[in-house]
Amino acid sequence: MHGNLVVISGPSGVGKGTICRALMEKYNDLALSVSATTRKARAGETDGKEYFFYSLEQFEELIKQEAFLEWAKVFDNYYGTSRAYVKKVLAEGKDCILEIDVQGAMQVKKKCPEAIFIFLVPPSKEELARRITGRGTENEAEIQKRLKMAAQEMTYLKDYQYVVVNDQVEAATEKVRAIILAERCKLSRWLNCHGEDLF
Ligand code: ADP
Ligand code: 5GP
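How each quantity is defined
Residues numbered from 1 in each chain as written. Chains lettered and ligands numbered in written order. Predicted model: local features only at pLDDT ≥ 70, side-chain atom pairs only at ≥ 80, totals over all residues. Heavy atoms only, no water. Near = heavy atom within 4 Å. Polar contact = N/O pair within 3.5 Å; in protein donor to acceptor, adjacent residues only side chain to side chain. Areas by Shrake-Rupley, 256 points an atom, 1.4 Å probe, with all protein chains shown as cover. Helix = DSSP H or I, 4+ residues; strand = E, 2+ residues; numbered from the N terminus. Nonpolar A, V, L, I, M, F, W, Y, C, P; charged D, E, K, R; others polar. Expected span 1.5 Å × (residues − 1). Buried < 20%, exposed > 50% of the residue type's maximum accessible area, 1.4 Å probe, protein only. Arc of directions from axis to C-beta. Contact = heavy atoms within 4.5 Å.

*Asks:* Any details on the site of ligand 2? Residues and values, ideally.
*Replies:* Close to ligand 2 lie 16 residues, the nearest being Ser 35, Arg 39, Tyr 51, Tyr 79 and Asp 101. Between ligand 2 and Tyr 51 there is a distance of 2.5 Å, counted from an oxygen atom to a side-chain nitrogen or oxygen. Between an oxygen atom of ligand 2 and a main-chain N or O atom of Gly 80, the distance comes to 3.2 Å. Here ligand 2 has 520 Å² of accessible area as a free molecule, and 96% of this is covered by the chains. Going through the elements one at a time, strand E5 (68-74) and strand E6 (77-82) are the ones with two or more residues in the shell around ligand 2. When grouped by side-chain class, the residues that make up the shell around ligand 2 number 5 nonpolar, 4 polar and 7 charged.

Following this line, the structure appears as structure tokens:
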């Protein structure tokens, strides 16, 4: 059976990376798409693990080759999802998680309307600010940019099917897992695979 495409978005610092890592550690029927980016690697990040790091020229070449299912400019850098990787994972029968921004999610919605769209929200604005600051990976100007952007990103909430409040990592991870499991049981998906030929 073909896997499902699961899109997870939410403002920077809400905990998307944390929840996706927790899902990967616990469940081996899921795969996380490793995006391409022109952003510089942060301390502790490895090429091919968190991202594939490219120069702007290399990224533009990949756009020309139509290597991306979606791509977008986020916070002055380019980010994109490999079409080939997603195709491979889905064909293996695993669900493929895309942790991408709202612009990318809207492109996926047009191309793959059957995908599952989940928006992660923080318990409060104040907690979001604490998490971005606490992560310690951005300078003050970057933090302010991300907080401003968070308000804009929240306006896309209506374009998603599910909203999960990331109050506690474990609880939020299990809510995302529950959504993924429930979606696998949707009659429409099942009929797509089995048609009318039930027995
Ligand atoms: P994103 O990928 O959405 O930008 P991260 O996963 O990097 O966010 O999380 C931002 C910071 O918030 C990290 O320091 C992470 O450890 C912390 N964090 C994530 N989820 C929670 C939570 N439920 N409660 C408290 N801190 C959290
Ligand atoms: P960060 O630089 O903090 O890792 O990510 C910044 C933003 O880029 C986040 O909102 C993240 O979801 C988004 N992002 C990461 N990978 C992709 C991708 O492949 N496509 C799109 N559109 N956004 C991405």
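*Asks:* Break down helix H6 (residues 140-154) for me, citing the residues and quoting the values.
*Replies:* The periodicity of an α-helix, 3.6 residues per turn, causes residues three or four places apart in sequence to face the same way. Here H6 is 15 residues long and its end C-alpha atoms lie 21 Å apart, about the 21 Å a rise of 1.5 Å per residue gives. For H6, the complete set of buried residues consists of Ile 143, Arg 146, Ala 150 and Glu 153. On an axial view of H6, the arc spanned by its buried residues comes to 80 degrees, and they lie on one face. Exposed side of H6, more than 90 degrees from the buried face: Glu 140, Ala 141, Lys 148, Ala 151 and Gln 152 are the residues found there. Here the buried face of H6 lies against helix H4 (102-111), strand E8 (116-121) and helix H5 (125-135). For H6, the capping residue at the N-terminal end is Asn 139, with a side-chain oxygen 3.2 Å from the backbone nitrogen of Ala 141.

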